Amino acid sequence: MAYTVIIPAAGQGKRMNAGGNKQFLNIRSLPLIIRTLRIFQNDEACTAIVVVVNAGEIGDMERLFTHYNVSKVQALVPGGKERQESVYAGLQHLDQAGIVLVHDGARPFIRQEEIHRLLAEVSDTQGAVLATKVKDTIKKGSDEQFVTETLTRDELWSVQTPQAFSFDMLKKAHEVALNTGFTGTDDASLVEYISGKIRLVPGSEDNIKLTTPDDIGMAEMILGKRKGDEHE
Ligand code: CTP
Ligand code: MG
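**Student:** So what's going on with the nonpolar core? Residues and values would help.
**Tutor:** Y3, I33, F40, I49, V51, F65 and L101 are the most contacted members of the largest nonpolar core, which has 31 residues in total. At the level of elements, β1 (3-8), α1 (32-41), β4 (46-53), α2 (58-67), β6 (99-102), α4 (112-122) and β7 (127-133) are the ones that each hand at least two residues to this core. In terms of residue count, the dominant contributor to this core is α1 (five residues). Beyond its immediate stretch of four places on either side in the chain, I33 contacts I7, A9, Q23, M61, L64, F65 and G105. With 22 residues, the next largest nonpolar core counts L94, V129, A173 and A188 among its residues.

**Student:** So what about the pattern of salt bridges? Which residues, and what values?
**Tutor:** Side chains that carry opposite charge are capable of pairing whenever their charged atoms lie near each other. As enumerated under the stated definition, the model contains 13 salt bridges in all. A salt bridge links D60 to R63; the shortest N-O distance between them is 2.8 Å. Note that D60 and R63 are positioned in helix α2 at a spacing of three residues, about one turn of the helix. Taking the relative accessible area as the measure of exposure, R63 reaches 55% and is therefore exposed. The partner of E113 in a salt bridge is R117, and the shortest N-O contact between them spans 2.6 Å. Of this pair, E113 and R117 are both found in helix α4, four residues apart, which corresponds to roughly one turn of the helix.

**Student:** Before we move on, could you go through the packing of aromatic side chains and cite the residues and values that matter?
**Tutor:** In this structure the tally under the stated criterion is two aromatic pairs. Both rings, one in Y3 and one in F40, keep their centres 6.3 Å apart while their planes meet at 80°; by these two values the pair is edge-to-face. Residue Y3 is found in strand β1, and its partner F40 is found in helix α1; the two are separated by 37 residues along the sequence. Neither Y3 nor F40 differs from the other in exposure class; each is buried. Considering the side-chain rings of F182 and Y193, the 3.9 Å spacing of their centres and the 10° angle between planes classify their relative orientation as stacked. One end of the pair, F182, is in the loop between α5 (167-180) and α6 (187-193); the other, Y193, is in helix α6, and 11 residues separate them in sequence. For Y193, a relative accessible area of 39% corresponds to the partly exposed category.

**Student:** Any details on the environment of I6? Residues and values, ideally.
**Tutor:** By the element assignment, I6 lies in strand β1. For I6, a relative accessible area of 0% gives the class buried. Measuring from C-alpha to C-alpha, the distance between I6 and V52 comes to 7.4 Å, with 46 residues separating the pair along the chain. Those residues in contact with I6 that sit more than four places away from it in its chain are V50, V52, V87, G90, L91, L94, V100, L101, V102 and H103.

**Student:** Describe the site of ligand 1, naming the residues involved and giving the relevant values.
**Tutor:** Taken together, 19 residues lie near ligand 1, and G13, K14, R15, S86 and K209 sit nearest. Between ligand 1 and G105, the relevant distance is 3.3 Å, taken from an oxygen atom to a main-chain nitrogen or oxygen of the residue. Note that an oxygen atom of ligand 1 is positioned 2.7 Å from one of the side-chain N or O atoms of K209. Notes on ligand 1: free accessible area 560 Å², of which the protein chains cover 88%.

**Student:** Any details on α4? Residues and values, ideally.
**Tutor:** Buried within α4 we find E114, I115, L118, L119 and V122. For α4, the angular spread of buried residues about the axis comes to 140°, placing them on one side. Elements that come into contact with the buried residues of α4 comprise β1, α1, β6, β7, β10 (157-166) and β11 (198-202).

**Student:** How would you summarise unusual backbone geometry if you had to cite specific residues and measurements?
**Tutor:** Cis geometry marks the peptide bond from T161 to P162; its omega dihedral reads 5°. In this structure, P162 sits in strand β10. Positive phi values are uncommon outside glycine, yet S29 reaches one of about 60°. Taking the relative accessible area as the measure of exposure, S29 reaches 61% and is therefore exposed.

Procedures and definitions
Residues numbered from 1 in each chain as written. Chains lettered and ligands numbered in written order. Predicted model: local features only at pLDDT ≥ 70, side-chain atom pairs only at ≥ 80, totals over all residues. Heavy atoms only, no water. Core = buried A, V, L, I, M, F, W, Y, C linked by side-chain atoms within 4.5 Å. Buried < 20%, exposed > 50% of the residue type's maximum accessible area, 1.4 Å probe, protein only. Helix = DSSP H or I, 4+ residues; strand = E, 2+ residues; numbered from the N terminus. Contact = heavy atoms within 4.5 Å. Salt bridge = Lys/Arg side-chain N within 4 Å of Asp/Glu carboxyl O. Phe/Tyr/Trp six-rings, centres within 6.5 Å; stacked < 30°, edge-to-face > 60°. Near = heavy atom within 4 Å. Polar contact = N/O pair within 3.5 Å; in protein donor to acceptor, adjacent residues only side chain to side chain. Areas by Shrake-Rupley, 256 points an atom, 1.4 Å probe, with all protein chains shown as cover. Arc of directions from axis to C-beta.

All quantities given are derived from atomic positions and should not be read as evidence of function.
Take a look at the structure:
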């Protein structure tokens, strides 16, 4: 099934502590954002990529895309202060009906097989997200750090990207969120806010978001494990 993808890459990478946007970090001599984009570049079902970047980094990104032959990028769009604003900005540059994916620039280990399983699940619902079942017991805590509730683990999922939606549904969800001042920490939550049904699709623990310096070590491990496949 054909799809387009919005890649939010307009963060500051504060928790990575690398002195700049982590998208430019080399992971085994290949920039993080290029690792992520290559997966979509190589997927025939992906018809266009919109990358959302910091306004001051557009030139640097363009040079990288040329250097690494990432030819499917249809637009480089300046992002906003929050991720939600960045995705919204990206949406303005897509007019295709059909399925749109949103995928973090900072998740370079997504595999084509997972993307295609996600696509298969979104066709009969308004949205689908890759997720893994949580392994830890999750408790809610008060401001004073006392436990207020222990959640039922069987019902809990840790949600990743890509998240897939019909284009019209995602656009409407973002517009309602903007007009009502609703903020969500992922795109699915905006669709949930307008009562859209989101399917949970079991994903892989490897699909980490590179967030803190420890995650670089984890990335090395995943690459080691995958030695010889399409990412190397
Ligand atoms: N992102 C974005 N626009 C923002 C904030 C985040 O496009 N205003 C993107 C990031 O570039 C990243 C993804 O959203 O690919 C997930 O965000 P996160 O991991 O939080 O990255 P950063 O915001 O860059 O990191 P931090 O929160 O540590 O500053
Ligand atoms: Mg952030």
